[in-house]
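Spelled out from the first residue to the last, the chains are:
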Amino acid sequence: MINRRWLGAVFGVAVLVTACGSSSESKGGGANGSSTTKASKPASSSTEPAPAGQTTLQLVDTPLGEVVANSDGMTLYLYVPDGTSPTSKVPADVLAAWPPMQATETVTLGAGLTQKAATPAQPNGEKWVSYNDHLLYEFAGDAAPGDVKGNALGDVWYAVTAAGEPVQS
């Protein structure tokens, strides 16, 4: 369960950052007040864990429809200001709430995922996962597989469709 005080702080930052201007580095997350949750299972039939050194993307059923998720079924999001840049524009202080999906080896695509997956290196040398040229992030506010509490937060964070595009709810 997410702490209401923390969630309020994230929302406050999002409102403040959005109001402060159009700099792509100044936009962060927020809260959408949604309380809709739905137990979810991966859309693909494979529930085998990824082999060591492999990172798996899969589709999971959510209240928004099928979205891209990690091998644990946790929804993955794109950050609009990143665009299709291989380098993240997420402010460092926001990454605690929106950790990037990282990989050290091959990215495997589950059933229904046909776009290009890659692991572009960041300035610090870490390899982050991208799908359809969008870097992928988890949301700390999602507690269970299939949660989509981060979708549309701050109008900059969106779950990702099988086509590799943002989910417009």
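For the structure given in this document, a descriptive report is provided here. Every value quoted in this text rests on a predicted model; they were computed, and no experiment measured them.

Reading the values: rules and limits
Residues numbered from 1 in each chain as written. Predicted model: local features only at pLDDT ≥ 70, side-chain atom pairs only at ≥ 80, totals over all residues. Heavy atoms only, no water. Helix = DSSP H or I, 4+ residues; strand = E, 2+ residues; numbered from the N terminus. Contact = heavy atoms within 4.5 Å. Pairing = 2+ DSSP bridges. Axes fitted to C-alpha atoms, helices over the stretch in contact; angles between N-to-C directions. Phe/Tyr/Trp six-rings, centres within 6.5 Å; stacked < 30°, edge-to-face > 60°. Buried < 20%, exposed > 50% of the residue type's maximum accessible area, 1.4 Å probe, protein only.

A few words now on the environment of serine 130. Secondary-structure assignment places serine 130 in strand β6 (residues 130-131). C-alpha separation for the pair serine 130 and threonine 84, spaced 46 residues apart in sequence, amounts to 8.9 Å. If we ignore the near neighbours within four places in the chain, the residues touching serine 130 are Lys116, Ala117, Ala118, Pro120, Leu135 and Leu136.

Next up on the list: the pairing of strand β2 (residues 65-69). Two strands pair when backbone bridges link them, and strand β1 (residues 55-62) and β2 are joined in this way by 5 bridges, in the antiparallel orientation. Within the sheet, the bridge partner assigned to leucine 59 lies in β2 and is valine 68. A loop of 2 residues connects β1 with β2, the two strands running antiparallel in sequence.

Sheet strands pair by backbone hydrogen bonding; their relative direction is either parallel or antiparallel. Spatially, the 3 strands line up as an open sheet ordered β5-β6-β7, and their pairing is antiparallel. Only two strands of the sheet have a single partner each, and these edge strands are β5 (117-118) and β7 (134-135). By the bridge criterion, 2 bridges tie β6 to β7 in an arrangement that is antiparallel. Counted as the bridge partner of serine 130 is leucine 135 from β7.

If you walk across this open sheet you meet the 3 strands as β2-β1-β4, and the pairing is mixed. Every other strand in the sheet has two partners, leaving β2 and β4 (107-109) as the edge strands with one partner each. Pairwise comparison of adjacent strand axes, ignoring direction, gives a mean angle of 30° for this sheet.

Turning next to the packing of aromatic side chains. For the coordinates displayed, the defined rule picks out 7 aromatic pairs. Relative to phenylalanine 139, the ring of tryptophan 98 lies with its centre 4.3 Å away and its plane at 25°, an arrangement referred to as stacked. One end of the pair, tryptophan 98, is in the loop between β3 (77-79) and β4; the other, phenylalanine 139, is in the loop between β7 and β8 (157-159), with 41 residues separating them in the sequence. We note that tryptophan 98, like phenylalanine 139, is buried. Residues tryptophan 98 and tryptophan 157 carry aromatic rings whose centres are separated by 3.8 Å and whose planes lie at 0° to one another, so their mutual orientation is stacked. Here tryptophan 98 is found in the loop between β3 and β4, whereas its partner tryptophan 157 is found in strand β8, with 59 residues between them in sequence. For the pair shown, tryptophan 98 and tryptophan 157 are each scored as buried. Through pairs of rings, three or more aromatic residues link up here, namely Tyr77, Tyr79, Trp98, Trp128, Tyr137, Phe139 and Trp157.

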